[in-house]
Every structure is written in structure tokens, then in C-alpha cells.
Amino acid sequence: MAAPTPEFEPGTDQYHSLVDHALMTTRGVRRRLDFERDVDDQTILDCIDVAEQAPTGGNNGSRRWIVIRDQDTKDRMAELYLSAGVDWVIQTADRLKGTGHQNEALMQGAKHLGENISRAPALVIPTVIGRHDGSGRPGLFDSVIQSAWSFMVALRARGLGTVWTTMYLNEADAVAELLDLPDDVTQICLFPVAYTVGTDFKATSRRYPARDITYFDRYGRTLAEGRSEPRSIVDGPGQLVEIDIKARPEIVWEFVSDVNLSAEFSEEFQGGEWDDPDGDSGVGSTFTGHNKHPQVGEWSTTSHVTVWDPPREFAWSVADPEAPAAQWRFTVEKVPGGSRLRYHVRLGPGRSGLTPAIEAMPDKEARIVAGRQREHQQNMQRVIEGIKEKAETQAAVERSDPSGFPR
Ligand SMILES: Cc1cc2nc3c(=O)[nH]c(=O)nc-3n(C[C@H](O)[C@H](O)[C@H](O)COP(=O)(O)O)c2cc1C
């Protein structure tokens, strides 16, 4: 299949908005799959031709696609899909119904799919010739995953939809037997393919914006603003460290919100106290922090709370709130098994201890900034490791306390 000639040139706003729209609105579709409308073979083959343009290691041509159209085979696949764990999904969906739980809608969709998958006009399984070597390197899968995603986007472009499902792989051996797959062929996922009911899918909110998870030159180094060459304080350079903690967010928050605690772990921060110890901590309240650095000596700063959202976020600006010397932020998220703690600092844009050094040696600004990021990284890492230890100890105590509130 030849690449179509687009109406708009790459690089134009029209072209990029179309491509971005397709990439950002290719959703997992379950309840809006139209099982009444057939899909012809050629449409599926066209989508596979598009998908085959995806990169492949060594141009090895190892992807193979199984398209299941025969109703008896689809019925058998539906049985395997259920026994692979979807009966658990159905029970969970029933339990969550009407509770407002964050996964309620997802589980209702998964249940609907589990109960109706045999009605999909086609079930498509991308496979790759080979077995993963278990080396820990991506290996095998890095020549097929991107192609499977392209397949989803190509469906979307034609008004069709699907959802990436892997739970059925619990029955991968039975599926391989049913479909005559050779032993050395690896299944990637199962796509139920159908036209969608309506095409108005929307971008979803993902957990992090790019600037929070994109690190420049060293792990954890963020940029809040644009890019200057060489790197300077106007780029909004920052440092981020993060750690997963086996304790619920409320426990982690107890430690995160203690403005003195970091002194136990940081080599620079010596201690801190709320300026009004009887007042409510919250946005606008202030605390004083005391610091020590071999090159700078000792100094104290006033910090202004900018976000106070227990147990999720605590942020503060140092010195002048209009032009802070630095902006600090703890976020605590619930993740499976506990919490994820992220600790972030952005240097500047106001005057700070770095300013005199940068003014004295403007040509060394990039090195001064990078050096400060490294110092922060080391101290912040100690702090989050310290909080992890305390929070996990506290969680263990609570778990072992039989009179305690059930966790
Ligand atoms: C590796 C992987 C495995 C998945 N397995 C299943 C599955 O077995 N069943 C299912 O209904 N959805 C499955 N999904 C779909 C996700 O639940 C879905 O992508 C997620 O809910 C986010 O929705 P979105 O893709 O519309 O943003 C899987 C997705 C991925 C990437």
C-alpha cells in the first residue's frame, strides 16, 4: 500500500493538529464498539499495512497478524477470555457499581467487553516470531509494540476502534493451540475490532505533564521554562527525586508536612519552624528555615506556603513570593501498594545564593546551575529515603496494632 498524499504538508498547523488529534484521542474503546456493523477484511489489512511501517530491529520482518473472523473461533476465544480472569473482572465490576470508585467506569467497560467479545466483527492478535530471551533488555517486544499501537491509530483514522487487552494471555497456550500458532511465536495482545459508535473521543488527563517527567542531561533535572544556550537560570532549572513508599498517603503526609523533618537527613537544611506555631498551616502561612553550606556559611530564609492540599501536595516559595529564590514542592500520590512521593525544587527566578556567583562568573552560569542541581539532588534523595523509612515503619506499626483503625 502506497502512502496517501496528504492534503496538508507535514510541518503545517493543519497536518500536525490532525496527527496529534489522532494520537491523543485513540482511546481504549469497550462500550462504544459497534457490534452490529461489519468490518471488511480489506480495511483491517489496510490498517496492518499502515502498522507495518513502524520501526523494527534490523528490519527483520518478524511480525505476524492473526485476524479471527470465524464465529466458532470467536466463541471459543470468548470462553478463553472469560476463564483468563475476566470472570473476576465481572465480579469486581458488579461490586464497584454505583460506588463512585475511581475504577468503576473502567470495570463496567471491561465487564461489557468480557460479556460481548465474541460479537466483535474481528479479533486481531499481533504476534512476533521469537521468544524473549529474558535478558532484561527490551529484545523481541521492541519490534512489535509500536506496530500494534500504529494499528490502533490506523483504526481510529477510519472510524474504527479497539482496546489493547492482555489479560487473555493467562490462556495464551490454549489460544496458541486454537489458532495453530507455532511454539516460537509470541502473542502480544488481543484487539477486539469494530466501528465505534460516534467518533467524538477526547484526550484524557494523564498523571503528569511532560515537564514533570522529562529530565535534561541528568536524571531528575527539570526545566520549567524555555531553553537558553548555555543553560541558565532563566530556563527555570529544577531537580526532582521520587520514591515509592509502602504506606498510604495520609501517613506519608505526616512527615512531608513537618517543616523541621528534613534537617534529620539533609546536609544543608538545619531545621525549620512555623512562624505562627498556633496558626493554621495553609496557603499564605510562613515558616523559617535554617541552612548551612561549606561555601556560603549559615543563613535563614522565610518560606511562603503556595499549596497546602493534604495529603496530596505541599509547595512553598522561598524569600520573595513574587520572585522566589526557589520553589519547592512535595506531591504524594496513591499508587498500587502505597504512595509515590515526588520532591521537586525549581531554582529562581528571583535572587538567591547563586546570584552573586553567577554575576561574578557569568560565563560559568551553566556549571554553577548544574552544580547546585547536583547538591540538591543528593540532599533531596536523602530526605525522601528518610521519609520512606519513617512512613513504612509507621505503616508497619499500624498494621500490627489490632486495636487500630482497619487499614
Ligand atoms: C499492556 C496493557 C494491557 C492492557 N490489558 C487490558 C485488558 O486485559 N483488558 C482491558 O479491558 N483493557 C486493557 N488495557 C487497556 C487499559 O485499561 C487502558 O489503556 C487504560 O484504561 C487507559 O485508557 P485509555 O487507553 O483510553 O487512555 C491494557 C492496556 C495496556 C497498555
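Residues numbered from 1 in each chain as written. Predicted model: local features only at pLDDT ≥ 70, side-chain atom pairs only at ≥ 80, totals over all residues.

1. Examining the overall build of the protein chain
Move 1: When helices and strands are counted, the protein chain shows 10 helices and 14 strands.
Move 2: Per-residue burial for the protein chain yields a buried fraction of 27% across its 407 residues.
Move 3: Across the protein chain, every contact between residues at least 6 apart in sequence was considered, and the portion connecting residues at least 24 apart equals 64%. (Helix = DSSP H or I, 4+ residues; strand = E, 2+ residues; numbered from the N terminus. Buried ≥ 20, exposed ≤ 12 C-beta atoms within 10 Å, placed from the backbone. Contact = placed C-beta atoms within 7 Å.)

2. Quick look at the site of the ligand
Move 1: Near the ligand, the surroundings consist of Arg27, Gly28, Arg30, Leu106, Ala110, Leu113, Val163, Trp164, Thr165, Thr166, Met167 and Thr204.
Move 2: Within the shell around the ligand, the residues separate by chemical class into 6 nonpolar, 4 polar and 2 charged. (Near = placed C-beta within 6 Å. Nonpolar A, V, L, I, M, F, W, Y, C, P; charged D, E, K, R; others polar.)

3. Examining helix α2 (residues 41–51)
Move 1: Of all the positions in α2, only Ile44, Cys47, Val50 and Ala51 are classed as buried. Projected down its long axis, α2 shows its buried positions confined to an angular sector of 115 degrees, all on one face. Exposed positions of α2 whose direction lies more than 90 degrees from the buried face are Asp41 and Gln42. (Arc of directions from axis to C-beta.)

4. Let's talk about the nonpolar core
Inside soluble globular proteins, nonpolar side chains tend to come together where they are buried.
Move 1: With 40 residues, the main nonpolar core has Ala122, Leu123 and Val193 as its most contacted residues.
Move 2: Elements represented by at least two residues in this core include exactly α2, α3 (71–96), α4 (104–116), β3 (122–129), α5 (145–157) and β6 (191–196).
Move 3: Examining the composition of this core, we find that 7 residues originate from one element, α3, more than from any other. (Core = buried A, V, L, I, M, F, W, Y, C linked by C-beta atoms within 7 Å.)

5. Brief notes about unusual backbone geometry
Move 1: With an omega of -5 degrees, the peptide bond running from Glu229 to Pro230 counts as cis.
Move 2: For Pro230, the position within the fold is in the loop between β7 (221–223) and β8 (237–245).
Move 3: Each neighbour pair has its own omega, and for Pro310 with Pro311 the value is -5 degrees, a cis peptide bond.
Move 4: Within the fold, Pro311 resides in the loop between β11 (297–309) and β12 (313–318).
Move 5: Phi angles above zero are rare outside glycine, and Asp217 is one such case at about 70 degrees.
Move 6: Assignment of secondary structure puts Asp217 in the loop between α7 (210–213) and β7.
Move 7: Classification of Asp217 as exposed rests on a count of 10 C-beta atoms within 10 Å.
Move 8: Although it is not a glycine, Ala319 adopts a positive phi angle of roughly 70 degrees.
Move 9: Relative to the helices and strands, Ala319 resides in the loop between β12 and β13 (326–335).
Move 10: By the C-beta count within 10 Å, which is 16 here, Ala319 ends up partly exposed.

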